[in-house]
Amino acid sequence: MASSLTCAGVIWALLSFLCAAASCVGFFMPYWLLGSQLDKPVSFGTFRRCSYPVRDETRQTTFMVEQCGRYASFEAIPSPEWRICTIVTGLGCGLLLLVALTAMMGCCVTELISRTVGRVAGGIQFLGGLLIGAGCALYPLGWDSEEVRQACGNLSDQFELGTCRFGWAYYCTGGGAAVVMLICTWLSCFSGKKQKQYPY
């Protein structure tokens, strides 16, 4: 089976796929921020949450439901910064996934990735990494919401964690984007074989 990628291109394709998968999994998982509420572990993503309080009116008590799920609507996401973060990071993950799948197809299809296409793909990857990086930078702006304060000992504020800490999903998302911007973008410049010269 012929490939349109050089040796550096094959490494680029595999690394692009791994980084895109890491960023997408990290983005989807609700483990960006870890805290506790009513002695139960609580975690947040940009649009998902694990463990939430429910008020029982008959017994006049509040208890924690230990389940993970997304917010009921886009407006239910605790802060406008997290809504923007969800859109920006999701768009960045989509771009990384698109390039990664195209690069993987380049391993099997001849004349799919030329040098020019490889460089354009690298530019798109860089843009995707920038969007994810922007989403990760925006995320701490939402720590002043009431939901986060309840889980962080009422001490959290913008860029102040309180008693909470970062979860593995935040590092996974940001780390995947950083590797794409620093390594994959560079490798993409050497990924495609020379353009075939046609007689016409």
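This text goes with the structure placed above it.
In this report, the structure presented in the accompanying data block is examined. (Residues numbered from 1 in each chain as written. Predicted model: local features only at pLDDT ≥ 70, side-chain atom pairs only at ≥ 80, totals over all residues. Heavy atoms only, no water.)

Time to look at the overall build of the protein. If you tally the helices and strands in the protein, you get five helices and five strands. Secondary structure elements of the protein, listed N to C terminal, follow the sequence α-β-β-β-β-α-α-α-β-α. Taken along the three principal axes of its C-alpha coordinates, the protein extends 80 × 30 × 25 Å. Counting the 200 residues in the protein, one finds 41% classified as buried. Pairs at least 24 apart in sequence give 66% of the contacts found in the protein among residues at least 6 apart. Here the protein displays about 10,500 Å² of accessible surface, and carbon together with sulfur accounts for 66% of that area. Between the mean site of the 14 positive side-chain charges and the mean site of the 12 negative ones, the protein shows a separation of 17 Å. (Helix = DSSP H or I, 4+ residues; strand = E, 2+ residues; numbered from the N terminus. Buried < 20%, exposed > 50% of the residue type's maximum accessible area, 1.4 Å probe, protein only. Contact = heavy atoms within 4.5 Å. Areas by Shrake-Rupley, 256 points an atom, 1.4 Å probe, with all protein chains shown as cover. Lys, Arg positive; Asp, Glu negative; His and termini not counted. Charge placed at Lys NZ, Arg CZ, Asp CG, Glu CD.)

Note on placement: serine 51 falls in strand β3 (residues 48-56). Separated by 17 residues in sequence, serine 51 and cysteine 68 have C-alpha atoms that sit 6.3 Å apart. Here serine 51 is in contact with Pro41, Val42, Met64, Val65, Glu66 and Gln67, once residues within four sequence places are set aside.

With that settled, consider the packing of helix α1 (residues 7-28) against helix α2 (residues 80-106). The N-to-C vectors of α1 and α2 enclose an angle of 155 degrees; their axes lie 8 Å apart at closest approach. Between α1 and α2, the interaxial angle falls into the category roughly antiparallel. Here α1 and α2 pass one another in a crossing that is left-handed. When α1 is examined against α2, the residues Trp12, Ala13, Leu14, Ser16, Phe17, Ala20, Ser23, Cys24 and Phe27 are found in contact with a partner set consisting of Thr86, Thr89, Gly90, Cys93, Leu96, Leu97, Val99, Ala100, Leu101, Ala103 and Met104. A breakdown of the residues in the contact of α1 with α2 according to their chemical character gives 15 nonpolar, five polar and no charged. (Axes fitted to C-alpha atoms, helices over the stretch in contact; angles between N-to-C directions. Parallel < 35°, antiparallel > 145°, perpendicular 65-115°, else oblique. Left-handed = near helix turned anticlockwise from the far one by under 90°. Nonpolar A, V, L, I, M, F, W, Y, C, P; charged D, E, K, R; others polar.)

Per the counting criterion, the structure on display carries two disulfides. Cysteine pairing for the protein, with bonded cysteines counted in sequence order: 1-2, 3-4. The structure places no disulfide on cysteine 24, whose sulfur is separated from the nearest cysteine sulfur, that of cysteine 93, by 4.2 Å. In this structure cysteine 85 is not part of a disulfide, and its nearest cysteine sulfur, from cysteine 136, lies 6.6 Å away. (Disulfide = S-S within 2.5 Å.)

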